[in-house]
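Spelled out, the chains give:
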Amino acid sequence: MGSATRIDGKKVAASVIEAVKAATSALEDEAGVRTGLAVVIVGDDPASHTYVGAKGRLAKECGFNSTQHTLPEETTQGDLASLVASLNADPAVHGILVQLPLPKHLDAEPIIQSIKPEKDVDGLHVVNAGKLATGDLATGLISCTPAGAMRLVRSIHGEDLTGLAAVVIGRSNLFGKPMGQLLLHANATVTIAHSRTKDLADVCRHTDILVAAVGRAEMVKADWVKPGATVIDVGINRIDALEGGEGRSRLVGDVAYDEVSEVAGAITPVPGGVGPMTIAMLMANTVIAAYRASGREPPRF
């Protein structure tokens with residue numbers, strides 16, 4: 001293994017969760033408000049049920065009133081919209097999470113946009129995206145994966161990234177764009193690169209902070225990375241693990257970890273890097289939403 005600092009997402013996520021627990025308890029003690037999270041899942045996709053189960057368990061551990069609404073595969077668009085409307089109207093629910101992907105006959109976008117922005121703990125509503133784009137980090141809710149990745153960047157570089165260059169590979173609305181905006185807000189000089197970027201490896205070679213979110217297994221190689229750079233790997237890809245025998249697989253990121261860790265100054269592993277941060281920031285967003293709903297200044301995580 002190389003000399004790079006291994007950024008332990010599990011450890012940072014655990015510290016966020018401890019802060020969430022303390023904030024949840026304080027809100028209940030001081031204002032009599034119990035943080036409420038409603039999770040909606042449609043159909044029986046096994047991976048989605050695994051994710052929802054993990055979110056529900058962690059929410060309860062944080063002291064939330066966590067409710068799960070499990071709808072059958074054949075649920076109509078209208079029925080799902082009605083459930084979201086009822087959760088929007090319920091003052092005991094501070095955060096609403098609709099687990100994606102939805103079954104193919106349902107249109108996710110109007111459902112996501114129908115969630116009240118102040119209850120949109122996934123940070124996907126256009127109002128929350130717009131607040132982030134205009135630099136309003138004080139009143140919106142930030143999409144969980146970029147918020148988590150940014151927390152890992154800050155664990156290495158602190159709050160102010162003045163003088164540092166950052167490259168985000170990937171321009172999705174879910175991650176690439178909000179990640180670029182968070183880095184920009186922290187005073188980094190930001191390039192958003194993507195599949196049409198000319199000589200991508202050379203663009204990456206000159207950056208201090210490299211964030212990879214393209215969904216291509218081990219695409220970023222050691223010769224793409226500036227010596228000493230911080231590398232945040234957002235990719236989760238399953239590849240064949242021939243060393244484990246026929247039919248076995250393993251998870252890898254978008255970065256060739258073993259070789260890049262010889263060059264980088266700090267790097268996130270996959271698994272155990274950005275992944276645990278996503279669910280931790282979901283919990284943080286929920287308690288922030290509860291504080292705001294009760295007219296109180298929320299803590300920073």
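The structure reproduced in this document is the subject of the present report. In this text, all values refer to a predicted model and were calculated from it rather than measured experimentally.

Basis of the calculations
Residues numbered from 1 in each chain as written. Predicted model: local features only at pLDDT ≥ 70, side-chain atom pairs only at ≥ 80, totals over all residues. Heavy atoms only, no water. Buried < 20%, exposed > 50% of the residue type's maximum accessible area, 1.4 Å probe, protein only. Helix = DSSP H or I, 4+ residues; strand = E, 2+ residues; numbered from the N terminus. Pairing = 2+ DSSP bridges. Core = buried A, V, L, I, M, F, W, Y, C linked by side-chain atoms within 4.5 Å. Contact = heavy atoms within 4.5 Å. Lys, Arg positive; Asp, Glu negative; His and termini not counted. Salt bridge = Lys/Arg side-chain N within 4 Å of Asp/Glu carboxyl O. Expected span 1.5 Å × (residues − 1). Axes fitted to C-alpha atoms, helices over the stretch in contact; angles between N-to-C directions. Left-handed = near helix turned anticlockwise from the far one by under 90°. 1 Å grid on protein atoms, 1.4 Å probe; cavity = no way out; pocket = protein on both sides within 12 Å on 5 of 7 lines; lining within 4 Å. Points joined across faces, edges and corners; volume = space filled by probe spheres on them. Nonpolar A, V, L, I, M, F, W, Y, C, P; charged D, E, K, R; others polar. Right-handed = clockwise from strand over helix to strand, strands pointing away.

Here we look at the pairing of strand β4 (residues 95–98)
- Side chains Gly95 and Leu97 project from β4 onto one buried face, and the interleaved Ile96 and Val98 project onto a second face that is buried too.
- Pairing of strand β2 (residues 36–42) with β4 involves 4 bridges; the strand directions are parallel. Paired with Ala38 across the strands is Ile96, a residue of β4.

Comments concerning the nonpolar core
- By size, the foremost hydrophobic cluster in this structure holds 56 residues, and its most contacted members are Leu183 and Met283.
- Only α1 (9–31), β2, α2 (46–61), α6 (144–157), β5 (165–169), α7 (176–185), β7 (209–212) and α10 (274–293) provide two or more residues apiece to this core.
- At 12 residues, α10 tops the list of elements feeding residues into this core.
- Once you skip the residues sitting within four places of it in the chain, Leu183 turns out to touch Met150, Val153, Leu161, Ala166, Val168, Ala188, Val190 and Val211.

Examining the side chain of Arg151
- Within the secondary structure, Arg151 is located in helix α6.
- Despite being buried, Arg151 has no salt bridge partner; Glu159 is the closest side chain of opposite charge, sitting 7.1 Å away.
- Those residues in contact with Arg151, other than ones at most four positions away along the chain, are Val12, Ser15, Val16, Met277 and Phe301.

Quick word on α10
- If you check α10, its first and last C-alpha atoms are 29 Å apart, about what 20 residues at 1.5 Å a residue would give, namely 28 Å.
- Counting buried positions along α10 gives 15 out of 20 residues, so the element sits mostly inside the fold.
- Residue Gly295 follows α10 closely and has a positive phi angle near 75°.

Observations regarding the packing of helix α5 (residues 126–133) against α7
- Look at α5 against α7: their axes get within 9 Å of each other, and the N-to-C directions meet at 35°. For the pair α5 and α7, the sense of crossing is left-handed. Facing α5, whose interface residues are Ala129, Leu132 and Ala133, α7 presents Pro178, Gln181 and Leu182.

With respect to the layout of surface pockets
- Considering only enclosed or pocket space, the largest pocket measures out at about 1400 Å³ in volume.
- Forming the walls of the largest pocket are 46 residues, and the residues nearest its centre are Tyr51, Thr145, Ile236, Gly275 and Thr278.
- Among the secondary structure elements, those contributing two or more residues to the lining of the largest pocket are α1, α2, β4, α6 and α10.
- Counted by class, the lining of the largest pocket contains 27 nonpolar, 11 polar and 8 charged residues.
- Its volume calculated, the second largest pocket comes out at about 590 Å³.
- Leu137, Ile142, Arg154, Arg300 and Phe301 are the residues nearest the centre of the second largest pocket, which is lined by 22 residues in total.
- Here the lining of the second largest pocket takes 4 residues from α10, the largest share from any one element.

Some remarks on the sheet that holds strand β1 (residues 5–6)
- One open sheet holds the 6 strands; their spatial order is β1-β11-β8-β7-β5-β6, and the pairing between them is parallel. The open sheet has two edge strands, β1 and β6 (189–193), and neither has a second partner.
- Two elements, strand β8 (residues 230–233) and strand β11 (residues 266–267), share 2 bridges in a ladder whose sense is parallel. If you follow Val231 over to β11, its bridge partner there is Ile267.
- Where α6 meets the sheet, its contacts fall on β7, β8 and β11, and the angle it forms with β8 comes to roughly 160°.

Describing the pairing of β6
- Where β5 lies against β6, 5 bridges are found, and the strand directions are parallel. Bridging from a neighbouring strand, Ala166 pairs with Val190 of β6.
- Of the crossover connections in this fold, the one passing from β5 over α7 to the parallel β6 is right-handed.

Re the sheet that holds strand β3 (residues 65–71)
- Strands sit in the order β3-β2-β4 across an open sheet of 3 strands; the sheet is parallel. Edge positions in the sheet fall to β3 and β4, since each of these pairs with one other strand and no more. Each neighbouring strand pair of the sheet contributes to a mean axis angle of 15°, computed without reference to strand direction.

Some thoughts on α6
- The first and last C-alpha atoms of α6 sit 20 Å apart over 14 residues, in line with the 20 Å expected at 1.5 Å per residue.
- When you tally the buried positions in α6, you get 10 out of 14 residues, the bulk of the element.
- All of the buried residues along α6 are Cys144, Pro146, Ala147, Gly148, Ala149, Met150, Arg151, Leu152, Val153 and Arg154.
- Tucked inside the fold, the buried residues of α6 contact α1, α7, β7, β8 and α10.
- In the segment just after α6, Gly158 is the residue with positive phi, at about 80°.

Quick notes on the environment of Gly95
- Position of Gly95 relative to the elements: it lies in strand β4.
- On a C-alpha basis, the gap between Gly95 and Leu282 in space is 9.2 Å, while along the polypeptide they are 187 residues apart.
- Not counting residues up to four positions away in its chain, the partners in contact with Gly95 are Gly36, Leu37, Ala38, Lys119, Val121 and Thr286.

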